[in-house]
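# Architecture and fold: a report
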Amino acid sequence: QVLLQESGGGLVQAGGSLRLGCTPSDARAFPTHSMAWFRQGPGKEREFVAGISWIGDETAYSDFVRGRFTISRDSANNTAYMEMNDLEPADTAVYYCAATKWGRKNTLAQISAVNYWGQGTQVTVSS
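My aim in this report is to walk through the structure given alongside it, one point at a time. Values in this document were obtained by computation on a predicted structure and should not be read as measured data. Sequence order sets the numbering: in each chain, residues are counted from 1 along the sequence as written. Where local features are concerned, this predicted model is filtered to residues with pLDDT of at least 70; where side-chain atom pairs are given and counted, the filter is 80 or more; whole-chain, interface and lining totals use all residues. To get the side-chain values, take all heavy atoms of the structure and skip hydrogens and water.

### A look at the sheet that holds strand E8 (residues 79-84)
Whenever strands of a sheet pair, they do so through backbone hydrogen bonds, lying parallel or antiparallel. Note the threshold: When DSSP finds two or more bridges between two strands, those strands count as paired. Each helix corresponds to a stretch of at least 4 residues labelled H or I by DSSP, and each strand to a stretch of at least 2 residues labelled E; elements are numbered beginning at the N terminus. For helices, the fitted line uses only the C-alpha atoms of the stretch in contact; every axis is such a line through C-alpha atoms, and the angle between N-to-C directions lies from 0 to 180 degrees.
One open sheet holds the four strands; their spatial order is E1-E3-E8-E7, and the pairing between them is antiparallel. Each edge of the open sheet carries a strand with a single partner, namely strand E1 (4-7) and strand E7 (69-74). On average, each strand axis in the sheet is tilted by 15° relative to the strand beside it, whichever way the strands run. Across six bridges, E7 lies against E8 in antiparallel orientation. Directly across from isoleucine 71, in E8, lies its bridge partner methionine 82.

In structure tokens, the structure reads:
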């Protein structure tokens, strides 16, 4: 089983920035899987945040983060990044990395299509 190793979570003040990273334990999985983040806030269902296709030519964003978050992938280190800027208290959640085989724009937000999940990393934004 491929493990998704997450990094970059933490506590920041409103208006601050964080960059999350996600690296598959098996580097061979990275070029064939889309990469995405979902999040689950207190008392909420898990929701899609951002994703990037397996090739890297397509991205998708939740309406709540579009313009503030940027997802990218770096084939040199087999890592997907999500840069989060202008963070708000509403962004407070556990963020989960997800990988989907041959994932494209239309499937990035489909939880049922996800093949591998990270364990989650806490992001807390204070007022």
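### Notes on unusual backbone geometry
In plain terms, the rule: Classification of residues uses two cut-offs on accessible area relative to the type maximum, computed with a 1.4 Å probe and protein chains only: under 20% is buried, over 50% is exposed, and between them is partly exposed.
The phi dihedral of asparagine 78 is positive, around 55°, even though this residue is not glycine. Inspection of the secondary structure assignment puts asparagine 78 in the loop between E7 and E8. When its relative accessible area of 19% is taken as the criterion, asparagine 78 is described as buried. You will see that aspartate 86, though not glycine, has its phi angle at about 50°, which is positive. Within the secondary structure, aspartate 86 is located in the loop between E8 and strand E9 (93-101). Classification of aspartate 86 as partly exposed rests on a relative accessible area of 45%.

All quantities given are derived from atomic positions and should not be read as evidence of function.
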